[in-house]
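Survey of secondary and tertiary structure
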Amino acid sequence: MASDSPASSSSDGRSNYSRMLVEDSNDVYGIGGAMLPIFLNDLQRNNDKDLVEVTLELEDDSIILCSVTPTANNPHPPPISQSPTAVTSRLRRKFSWLTSSSSRASSTDVSVDHAITSRDARKLKAKLIRTKSSAQRALGGLRFISKTTNASDVNELWKNVESRFLCLARDDGLLAREDFAECIGMADSKEFALGVFDALARRRQQKLGKITKAELYDFWLQISDQSFDARLQIFFDMADSNEDGRITRNEIQELLVLSAAANRLSKLKEQAEEYASLIMEELDPENLGYIELWQLETLLLQREVYMNYSRPLSIASGGWSQNLNSLKRTSVVHRLSHIVRYAMIENWQRTWILMVWIVAMACLFTWKFKQYRNKAAFQVMGYCLTTAKGAAETLKLNMALVLLPVCRNMLTFLRSTQARLFIPFDDNINFHKIIAFAIAIGILLHVGNHMICDFPRLVNSSAESFALIASDFHNKKPTYKDLVFGVEGVTGISMLIMMAFAFTLASRYFRKNLLKLPSPFNRLTGFNAFWFSHHLFGLVYILLLIHGSFLFLVHRWTQKTTWMYISVPLLIYAAERSLRTGRSEHYSAKIIKVSNLPGDVFSIIMSKPNGFKYRSGQYIFLQCPSISPFEWHPFSITSSPGDDYLSVHIRTVGDWTQELKQVLTDDNGSPCTIGRAKFRHLRDVDSKGLPRLLLDGPYGAPAQDYRNYDVLLLVGLGIGATPFISILRDLLHTNRAVEDHTDSNTETSVSGDSLTSLASSSMASSSDKKKSKRAKSANFYWVTREPGSFEWFKGVMNEVAEMDHKGQIEMHNYLTSVYEEGDARSTLITMVQALSHAKHGVDILSGTRVRTHFARPNWREVFSKVASKHPYATVGVFYCGMPVLAKELKKLSYEISQKTSTRFEFHKEYF
């Protein structure tokens, strides 16, 4: 063995040193490798006293073998045949990767005998890459059980595994191989878990069908090991079925099939052979037919190199420090002040509307209460009468107001005016529900006080007391039956029954069909029951007018104010419905194309009716008379206002949509085209024989105001992406038109010979700037569970990716059915995804140029990055999907707005 020699340094950045060569079993990639001590023993010819000194020279990316000389205290110097030069030559031949990266001679002027092989060079580079800090951050992947790195968490998880072992173990106390997945918490990835089981069993040189609790614990320790090397070895062993330390293409294919099955990716499973060949092509350029552990590790650590096609959302760290420097913990007082500010600033529109409404009801109740408090009837019926009459006055107001939030045409018009600045039109349905709740309370107070309080007091009053109000009852004291079955009583009770029925079927459990009732009562659930029951209110308003005209204690028509409250809202609503009916007959859409898409979705492309104008983000109602002449259903428009056609994407989630799909695609062999949606050559499709569709709209939606913001953050869940597809297309077309106009102005100013042309072009340019819209860039996040969903808008995403040369639109697809990046079950898929896109420019999951991320986005990180990229900008956050995510996005919009210079304004739309 060689003794240490002093180290010396040079000005060129290298370090020359001699050191003892010691076998290090823990570093198989260490200097010299595991075979170096064995080779040195061979040099010694089994003489323990033969010592040599090896001088190495280290550079950033290379190791230079300078010399091999006998030590001064070596009593047996090597023979001539074993001169230092010969020994050096043998070392170079044996360990050919220990060589200089340049042609510069070493300190002993020993030339290189053999050229370095390409695979050995990559092996050395892999070792160097691993030591870099950027690579170290990537070593958190290949998790088999959880994200945790805390040993106590792993121990806690083991307790759960242990309890499941006790439940699953057979009578002999052994756990069967087929129960291993459920026992370790991977029941949804059984095939992959069995692959882990077999790999761990092969380490024991056994083929196990059952294991004991002790063996299970040993397996658990291995898969829960937080060392990346340990997890990488397990992953490698899963593919290395013959335990030869090498992985062939067939073995990679088998592991790909396991990963695809664990993530429910049937399409990838079918293409496993192709993707296995892709991995071999990248990792085995020498065509040796196998790869080794270090090659697999290299691909894992360099995945981001292949993924660099994705446009970055973040900017340099300087921007982060400028705009995110206050993202830190705050005190309780500071948080409370933020809550107050949020209530005052973010909700001021809702607050003032609700306050005005509440004050109006309180004033009306108090006014009517005092009015009847001073009447003679109070002496007979007391506070029961005043409470009932006060509640009746609020009912008149609310029965008038409840119609306005559902007048869609009026709201759509008001959205385009300055009224949107102080009226929260996005909350129209919520306000409608709040008013309905107030109506229910008013009915309870009004009807309850009449039926169980003032009516009995009137019937049982003394003759002297009744004499005070006898003229109001034609000097005849009524019985309780007379009061209940009179005009006022019958109309009141009838309204009560119909409204109770409508309110019940409008509740979430009935409307969403969450309540399962036996036949035939199951017809009372679902949207149709809600829709038809709500039309009972037409009869309710007629009865209300009659009810308000036959009051017991009021005789002058000027004091019967019911008609005064509801006449104007009724006229507005009647005009609204008349406009809908007439417009639907005028806007009869001609179907151009129908396409079946994955995930129970189909698209309809229709001709645009004459005079039909809309904005991106708006929606329309469709009716198919061949299904039902009464039912109208809303759908977001997915085409752009600049297109010469209308398109909608419909998911079959109810009876009507299922029947519509059947009518359009299977109606007597109609010649409609079935296939993937394409947005070109639309007029080549013959649509004769297809049923007629009636169209009503367009109607305003939160997303239509996207032009009011500097930057857009569009978030769609599943089919909730539909309103944003139109926005993306419209943004792209608008930006392209601005570019074309700018180019034409430039040409005019350069080629024009007269000052007039230059002045006119400048004036036009300045005019366009005044008219230009604010929205210049957009970030689109689409989160879906089904890989086939990406087929819905594949053409649009590819078109945006091809035409968006300035990177103004960032698209991010997230597939939640795939385990998050870093999980061992998705690691191989991530590798294939990176390689395929680097080679073909297409994502293997979406089939587009847009990268697909796994699991759910980190929304806090998304908001922070947008804020860092766009300081002092106003970001419009538009969300369409299930309500569960809306709360988180709304909270983050407020929180990041308070902590950065970027302001986020949140808008939601549920489907």
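In every chain, residue numbers begin from 1 and rise along the written sequence. Reporting in this predicted model follows two pLDDT cut-offs: at least 70 for local features of residues, and 80 or more for side-chain atom pairs to be given and counted; totals over whole chains, interfaces and linings ignore these cut-offs and use all residues. Derived side-chain values reflect all non-hydrogen atoms in the structure, with water molecules and hydrogen atoms excluded from consideration.

By convention, a stacked pair of Phe, Tyr or Trp rings (six-membered ring in the case of Trp) has centres within 6.5 Å and planes under 30 degrees apart, an edge-to-face pair has planes over 60 apart, and any other such pair is tilted. Scanning the model with the defined rule gives 30 aromatic pairs in all. Aromatic pair Phe-369 and Tyr-383: ring centres 5.9 Å apart, planes at 20°, arrangement stacked. Here the residue Phe-369 occupies a position in helix α17 (residues 348-373), and Tyr-383 occupies one in helix α19 (residues 383-401), the gap between them amounting to 14 residues. Ring-pair connections join several aromatic residues into one group, and the members of that group are Phe-455, Phe-466, Phe-473, Tyr-480 and Phe-552. By definition, any uninterrupted DSSP run of H or I lasting at least four residues is a helix, any uninterrupted run of E lasting at least two residues is a strand, and each is numbered from the N terminus.

This part takes up helix α12 (residues 272-283). To estimate the expected span of a helix, subtract one from its residue number and multiply by 1.5 Å. Taking 1.5 Å per residue as the helical rise, α12 with its twelve residues ought to reach 16 Å, and the 16 Å between its terminal C-alpha atoms agrees with that figure. When a residue's accessible area, from a 1.4 Å probe over protein chains only, is under 20% of the maximum for its type it is buried; when over 50% it is exposed; and in between it is partly exposed. For α12, every residue scored as buried is listed here: Ala-272, Tyr-275, Ala-276, Leu-278, Ile-279, Met-280 and Leu-283.

Turning next to the pattern of salt bridges. Take a side-chain nitrogen of Lys or Arg and a carboxyl oxygen of Asp or Glu: if they are within 4 Å of each other, that pair is a salt bridge. Tallied over the entire structure, the rule returns 26 salt bridges. Asp-427 is paired through a salt bridge with Lys-908; the nearest N and O atoms lie 3.8 Å apart. You can see Asp-427 sitting in the loop between α20 (408-415) and α21 (428-459) and its partner Lys-908 sitting in strand β19 (residues 903-910), a full 481 residues away along the chain. Under the relative-accessibility criterion, Asp-427 is labelled buried at 9%. Judged by relative accessible area, Lys-908 falls into the partly exposed class, the value being 23%. One salt bridge in this structure joins Asp-643 and Arg-729, with 3.1 Å as the shortest N-O distance. With a gap of 86 residues between them, Asp-643 in the loop between β11 (633-636) and β12 (645-651) and Arg-729 in helix α30 (residues 722-751) connect regions that are remote in the sequence. By relative accessible area, Asp-643 is classed as buried at 11%. With a relative accessible area of 4%, Arg-729 lands in the buried category. Because the salt bridges share partners, they merge into one network encompassing Arg-170, Glu-178 and Asp-179.

Within strand β15 (residues 777-784), eight of the eight residues are buried, which leaves it mostly tucked inside the rest of the structure. Note that β15 and strand β16 (residues 809-815) share seven bridges and pair parallel. The residue bridging Val-783 from the neighbouring strand is Tyr-814, located in β16. Should DSSP find at least two bridges between two strands, the strands are regarded as paired.

Turning our attention to the side chain of Asp-730. Checked against the element boundaries, Asp-730 lands in helix α30. Each polar contact in these results corresponds to two N or O atoms within 3.5 Å; when the atoms are within protein, one needs to be able to donate a hydrogen and the other to accept it, and residues that are neighboring in sequence are counted only if both atoms are side-chain atoms. Within the local environment of Asp-730, its side chain forms a polar contact with the side chain of Arg-707, the two groups lying 3.5 Å apart. By definition in these notes, contact holds between two residues if any of their heavy atoms fall within 4.5 Å. Those residues in contact with Asp-730 that sit more than four places away from it in its chain are Ser-616, Ser-640, Pro-641, Tyr-706 and Arg-707.

Another aspect to go through is the pairing of strand β8 (residues 591-597). Across the seven residues that make up β8, a large majority, six, are buried. Two elements, β8 and strand β9 (residues 601-607), share six bridges in a ladder whose sense is antiparallel. Among the inter-strand pairings, Val-594 is bridged to a residue of β9, identified as Ile-604. Taking the residues between adjacent antiparallel strands as the criterion, β8 and β9 are bridged by three residues, where Gly-599 takes a positive phi near 75°.

Moving on to the sheet that holds strand β13 (residues 693-699). Read across the open sheet, the four strands follow the order β7-β13-β10-β11; overall the sheet is antiparallel. Of all the strands in the sheet, just β7 (588-589) and β11 have a single pairing partner and so form its edges. Relative to β11, strand β10 (residues 619-623) runs antiparallel, the two being bridged by four bridges. Bridge pairing in β11 places Phe-621 opposite Pro-634.

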